[in-house]
Amino acid sequence: MPAAPNLVAQQFDVGTVNRVWVSDITYLWTSHGWLYLAAVLDLGSRRVVGWVTRASLSRDLVLEAFRRALESRLPNAGLIHHSDRGSQFNSNEFQVTLARHGIRCSMSAKGNCYDNAVVEAFFATLKRERVWKRRYATREEAERDLFEYIEVFYNRKRRHTSLGGLSPVDFERQLGIEHA
């Protein structure tokens, strides 16, 4: 399938939540082999709104992360979902899922990692602050550690200069968005 146009164009200050979500895939080494992580971040608050891990790099990886984001946020039609041009994001199934929810697809320019810099920076931070300091014996151990980092630390405690020194959850609370 042809790639979608780049609707974000490195404009990462979107002003509010549920306007633009950015997504990508990274991988982590465990003693049992690679573990792939797909994450969806809300560009307005830098919060990880959906994520999932799998032992294989499949279309289901990004579909499930996206489904979890939808369940956690319930965005209005018109939201932009931005990713690179990976086959998982460009798959017919993923594109149909976006269209079914009224979500506009945006993709980075070919070979330009700067177009998806916010999610790339999240992955770099995750690896620098957590993953590279550990050796995971199993994929399950890595998954538990990722939960601890993303859900307990990153979303709720880690401060961001782009958010005025607030964590993503605190920033959203300031906007009147309550969390469970």
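These notes cover the structure that comes with them. Throughout this document, residue positions are counted from 1 along each chain, in the order its sequence is written. A pLDDT threshold of at least 70 governs which residues receive local features in this predicted model, and a stricter bar of 80 or more applies before side-chain atom pairs are shown or counted, although totals over entire chains, interfaces and linings include all residues. Side-chain metrics in this entry use all non-hydrogen atoms of the structure; hydrogen atoms and water are not considered.

## Description of the sheet that holds strand β5 (residues 104–107)
Judged by pairing direction, the sheet is mixed, and its five strands sit side by side in the order β3-β2-β1-β4-β5 without closing on themselves. Only two strands of the sheet have a single neighbouring strand rather than two, namely β3 (48–54) and β5. Taken over all neighbouring pairs, the strand axes of this sheet differ in orientation by 25° on average, direction set aside. Should DSSP find at least two bridges between two strands, the strands are taken to pair. Starting at the N terminus, helices and strands are each numbered in turn, a helix being any DSSP run of H or I of at least four residues and a strand any DSSP run of E of at least two. Across four bridges, strand β4 (residues 80–83) lies against β5 in parallel orientation. Pairing of H82 across the sheet is with S106, part of β5. Here helix α1 (residues 59–73) sits on the sheet in contact with β1 (20–30), β2 (33–42), β3 and β4, set at roughly 150° to β3. By definition, residues are in contact when any of their heavy atoms lie within 4.5 Å. Note on geometry: axes are lines fitted to C-alpha atoms, helical ones only across the stretch in contact, with angles between N-to-C directions running from 0 to 180 degrees. In the packing of helix α5 (residues 139–154) onto the sheet, the strands contacted are β1, β2 and β3, and the crossing angle to β3 comes to about 175°.

## Brief notes about the nonpolar core
In terms of nonpolar packing, the biggest core is built from 26 residues, with L41, V48 and F122 touching the most fellow members. Going through the elements one at a time, β1, β2, β3, α4 (117–129) and α5 are the ones with two or more residues in this core. With sequence-adjacent residues up to four places away left out, F122 is seen in contact with A39, L41, V48, Y149, I150 and Y154. Nonpolar core, defined: a set of buried Ala, Val, Leu, Ile, Met, Phe, Trp, Tyr and Cys residues in which side-chain atoms within 4.5 Å join the residues together. Each residue is placed in one exposure class: buried if its accessible area under a 1.4 Å probe, protein chains only, is under 20% of its type's maximum, exposed if it is over 50%, and partly exposed if it falls in between. Judged by nonpolar contacts, the second largest core, of 22 residues, contains W21, V62, L70 and I103.

## Let's talk about the packing of α4 against α5
Contact geometry for α4 and α5: axes closest at 12 Å, N-to-C directions at 110°. Our classification of the angle between α4 and α5 gives roughly perpendicular. In this structure, α4 meets α5 at a crossing whose hand is right-handed. Taken together, the residues of α5 that come into contact with α4 (itself represented by F122, T125, L126 and E129) are L146, Y149, I150, F153 and Y154. Should an angle fall under 35 degrees it is taken as roughly parallel, and over 145 as roughly antiparallel, whereas 65 to 115 is taken as roughly perpendicular and any remaining angle as oblique. Crossings are sorted by hand: turned counterclockwise from the far helix by less than a right angle, the near helix makes the crossing left-handed, and turned clockwise it makes it right-handed.

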